[in-house]
Amino acid sequence: MRSSNLLFSCVHLTVTLLIIAFGLSLVIMPYADGFRLSLAQFFEAKPAFLFTLGLLIMGSGVFLLVAFFFMHKKRYFKVGMECGKALIEESIIRDYVAHYWESIFPGKPYDLEIVLSRGQKLEIISTLPRGTAISEELFERIRRELGVILARRLGYEKEFILTVTD
């Protein structure tokens, strides 16, 4: 998992737990007369707390919105060519790799993630379909054939990282 996804997952978990806790407190509220009265008196005595709480929630929402934008920003792979440079969108690389993966494991579900890191280093992260055991020969075939596809169709001739998980 990429570090940006890890941060976003932690924030997502925190917000989810807060929403569940808020919902649970609203469900319990009709049966807790003393708590309801104390809560109403607290908010009546300290209205600035509501303002601060509102700013905190609004700030969290803006943070999540900005993080979501940066997480889904398109990334491009630059290919140097004799006539200039070309930009290849990450989704095109994903389509080629997904098509190849379908040819190796037809009709079997898998997860696929393409990561373009600094220096235009390509990392392909995928899971094996259930019930598939990877052998050294299969892994070498995938590495060789993917290298040919990336070189011929996209002009990517650098070393790439292939991460296959169960």
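## Structural notes on the overall build of the protein
- Scanning the protein from terminus to terminus reveals five helices and five strands.
- Ordered by position from N to C terminus, the α and β elements of the protein give α-α-α-β-β-α-β-β-α-β.
- Within the protein, the proportion of its 166 residues that are buried is 22%.
- Considering only residue pairs separated by 6 or more positions, the protein has 54% of its internal contacts joining residues 24 or more positions apart.
- Counting every atom, the protein has about 12,200 Å² of accessible surface; 65% of that belongs to carbon and sulfur.

## Structural notes on the sheet that holds strand 3 (residues 112-117)
- With mixed pairing, three strands are arranged side by side in an open sheet as 3-4-5. Each edge of the sheet is formed by a strand with only one pairing partner; in this case those strands are strand 3 and strand 5 (160-165). Going from strand to strand, the sheet's axes swing by 15° on average, the running direction of each strand aside.
- Bridge count between strand 4 (residues 121-127) and strand 5: six bridges; the pairing is parallel. Counterpart to Ile-125 in the pairing with strand 5 is Thr-163.
- In the packing of helix 4 (residues 90-104) onto the sheet, the strands contacted are strand 3, strand 4 and strand 5, and the crossing angle to strand 3 comes to about 140°.
- Sitting on the sheet, helix 5 (residues 136-154) touches strand 4 and strand 5, and the angle it makes with strand 5 is about 140°.

## Focus: the nonpolar core
- Formed by 23 residues in total, the largest nonpolar core has its most connected members in Ile-93, Leu-122, Ile-124, Leu-146, Leu-150 and Phe-160.
- Among the elements of the structure, helix 4, strand 3, strand 4, helix 5 and strand 5 are those that each provide at least two residues to this core.
- If near-sequence neighbours (up to four positions away) are discounted, Leu-146 is found in contact with Val-97, Tyr-100, Trp-101, Ile-124, Phe-160 and Leu-162.

## Re the pairing of strand 4
- Pairing geometry for strand 3 and strand 4, over six bridges, is antiparallel. What sits directly across from Ser-117, in strand 4, is Lys-121.
- Following the chain from strand 4 across helix 5 to the adjacent parallel strand 5, one finds a crossover that is right-handed.

## Overview of the layout of surface pockets
- What the largest pocket holds in volume is close to 540 Å³.
- Lining the largest pocket are 18 residues, with Leu-18, Ile-19, Phe-22, Leu-53 and Ile-57 positioned closest to its centre.
- Elements supplying a minimum of two residues to the lining of the largest pocket: helix 1 (3-28), helix 2 (33-45) and helix 3 (47-71).
- A per-element tally of the lining of the largest pocket places helix 1 first, with eight residues.

## Here we look at the pattern of salt bridges
- Taken as a whole, this structure holds three salt bridges when the rule is applied.
- We note a salt bridge from Glu-140 to Arg-143, for which the minimum N-O separation is 2.3 Å. Here Glu-140 pairs with Arg-143, and both are found in helix 5, just three residues apart, close to one helical turn.

The rules behind each value
Residues numbered from 1 in each chain as written. Predicted model: local features only at pLDDT ≥ 70, side-chain atom pairs only at ≥ 80, totals over all residues. Heavy atoms only, no water. Helix = DSSP H or I, 4+ residues; strand = E, 2+ residues; numbered from the N terminus. Buried < 20%, exposed > 50% of the residue type's maximum accessible area, 1.4 Å probe, protein only. Contact = heavy atoms within 4.5 Å. Areas by Shrake-Rupley, 256 points an atom, 1.4 Å probe, with all protein chains shown as cover. Pairing = 2+ DSSP bridges. Axes fitted to C-alpha atoms, helices over the stretch in contact; angles between N-to-C directions. Core = buried A, V, L, I, M, F, W, Y, C linked by side-chain atoms within 4.5 Å. Right-handed = clockwise from strand over helix to strand, strands pointing away. 1 Å grid on protein atoms, 1.4 Å probe; cavity = no way out; pocket = protein on both sides within 12 Å on 5 of 7 lines; lining within 4 Å. Points joined across faces, edges and corners; volume = space filled by probe spheres on them. Salt bridge = Lys/Arg side-chain N within 4 Å of Asp/Glu carboxyl O.

Geometric descriptors of this kind do not, in isolation, establish any biological role.
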